Amino acid sequence: MCLGVPMKIVEIVSSYKAYAELMGVKRPVYTELIPDIKAGQYVLVHAGFAIEILNEDEAEKRIHLFQEILDKEDANEKQRDIQRL
Amino acid sequence: MKSKEIFSDYNFSQIPGELEKDITDHLVLLANNIAHRKGKKIRIMEVCGTHTVEFARSGITQLLSDSLDLRSGPGCPVCVTDQQDLDQMIALAAIKDTVIVTFGDLVRVPGSSTSLEKEKARGAHIHICYNPMEALALCEKYPGKEIILLGVGFETTIPLLAYTVLQAEQRKLGNFSIITAIKIINPALHTLFGNKDYSLDGLILPGHVAAILGRKNFDYLAADYHLPAAITGFQPLDLLTGLYSLLEDINKNNPKVTNLYKHVVKEEGNIKAKQIMYRVFQEEQAARWRGLGVIPGSSLELKPEFRHRDAGSRFKIKVRPSTDPSSCRCGEIITGKISPFECPLFNQSCTPANPIGPCMVSAEGACSTYHKFLV
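Keep in mind that what you see is a predicted model, and the values were worked out from it rather than measured.

What counts as what
- Residues numbered from 1 in each chain as written.
- Chains lettered and ligands numbered in written order.
- Predicted model: local features only at pLDDT ≥ 70, side-chain atom pairs only at ≥ 80, totals over all residues.
- Contact = placed C-beta atoms within 7 Å.
- Helix = DSSP H or I, 4+ residues; strand = E, 2+ residues; numbered from the N terminus.
- Nonpolar A, V, L, I, M, F, W, Y, C, P; charged D, E, K, R; others polar.
- Buried ≥ 20, exposed ≤ 12 C-beta atoms within 10 Å, placed from the backbone.
- Arc of directions from axis to C-beta.
- Domains from an automatic or database assignment.
- pLDDT = per-residue confidence, 0-100.
- Core = buried A, V, L, I, M, F, W, Y, C linked by C-beta atoms within 7 Å.

**Details of the interface of chain B and chain A**
Each side of the interface is counted separately: chain B has 42 residues, and chain A has 30 residues. Looking at the side of chain B that touches chain A, the elements with two or more residues in it are α1 (3-8), α2 (18-38), α5 (77-80), α9 (158-170), α11 (207-213) and α14 (271-280) of chain B. Residues belonging to the side of chain B that touches chain A are distributed by class as follows: 25 nonpolar, twelve polar and five charged.

Shown next, in the form of structure tokens:
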């Protein structure tokens, strides 16, 4: 029931309502819980309400962080392989 | 990857990319190593029912089943709703000239003698909503009827219910009321872990409850119960990175609450949502949870200034004390004590077509998920 769908705000209707889009489907969402929302931002929608603004920088950072951790582990693995030889 | 693509592909990309494959390889190795060292499987509870579904749907539960024992937690709102609360909601549906507005999950849950679905077949007006604000549109559409919103859910949903109550007040909709069986997660986790009757290595925390409450809210899990915990999202990449980070903390015996869902969850959560929630609701003395019994301060009730919106007192419904369905072990399943496979009814007399307990009814109940993906 705590399902959340990321959608893009395409049109601000009023201080508490906007239209959001996902894969071509446009739906009205209530934006009362996230003040200062702007068109073009991505939000997490739960039961017709935007409950949080998605932070693009953090999403990217997370992917890079994990890529770095995995690269480092691969390098350590190779180092161990060389030492075993 | 360009930032714009992150969210546009976000929800529907079920095909693993290179990063998912790499993390999976490392994850399997790490899990096997820890389980080998411990001499038994690592036991992790996913508190939220949506996580139970996504772990099984993505195949992660099955892939790691040799080393990882995933247990469901009390985070499926329909599953933890007490039988007596459910009976009260069903009784409201039987009253003449009422319209029940509910999320779909509740409709098929069997009460002591009937269900909302059966009452609907008998002619009750039951409206399944996507958005609780639909209740207000129905108030205007049917001015001669009483519109009753069934308030079930955790912190993710409570601010929405609160907003709906505020709007009903503002629009002076006299025919709107709400029945509250809403729950808050912290007292349940304190009860679960405080009685020492559990053996868990770590927790996957509910991402969208955390979006409202914030990461800091969960620090007590590490501080008081020495449990490593990870806040994660719901996509395969979120699940994998969450598990990976959690397993690393378990491996290093480093209990802390890590936020792997930073693009949604802030340290303090959604302050505006919390304000709206507590403008309308206040903590109740105690509430009864299926499987956990009575937990002090674990439910919210309407504040005195909104009490006239309470359907329970408006319709003075009295239901008899009820018991959970006999031999249904839902209560033990949602507290992580047993897996659905250990319930004698599972996939025998209890199936999604003929559910006996709520864990088999709710789309995010552990039994329904296991039946769909793991049988």
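**Structural notes on helix α8 (residues 134-141) of chain B**
Residues and elements named next belong to chain B. Inspection of α8 places Ala-135, Leu-136 and Cys-139 among the buried residues, and these make up the whole buried set. Buried residues along α8 cover an arc of 100° about the axis, so they all sit on one side. Facing away from the buried side of α8 by more than 90 degrees, the exposed set consists of Glu-140 and Lys-141. Where α8 is buried, its residues meet β3 (98-103), β4 (125-129), β5 (146-153), α9 and β6 (176-182).

**Re the domain arrangement of chain A**
Domain boundaries assigned for chain A yield domain 1 (1-54) and domain 2 (55-85). Between the C-alpha centres of domain 1 of chain A and domain 2 of chain A the distance comes to 35 Å.

**Points about the confidence of the model for chain A**
With 99% of its residues at a pLDDT of 70 or more, chain A shows a mean pLDDT of 88. Predicted confidence in chain A is weakest over helix α1 (residues 56-84) of chain A, with a mean pLDDT of 78, and strongest over strand β5 (residues 49-53) of chain A, with 96.

**Some words on the environment of B:Ser339**
Mapped onto the elements of the fold, B:Ser339 is located in the loop between α16 (330-333) and α17 (358-361). Linking B:Ser339 and B:Ser72, residues 267 residues apart in sequence, is a C-alpha distance of 8.0 Å.

**Side note on the nonpolar core**
Core analysis: the biggest nonpolar cluster contains 132 residues, and A:Val43 and A:Ala50 have the highest contact counts within it. A total of eight residues in this core trace back to one element, the largest contributor, which is helix α13 (residues 236-251) of chain B. Not counting residues within four places of it along the chain, the set of residues in contact with A:Val43 comprises A:Met7, A:Ile9, A:Ala20, A:Ile34, A:Ile37, A:Ala50, A:Glu52, A:Ile53 and A:Leu54.

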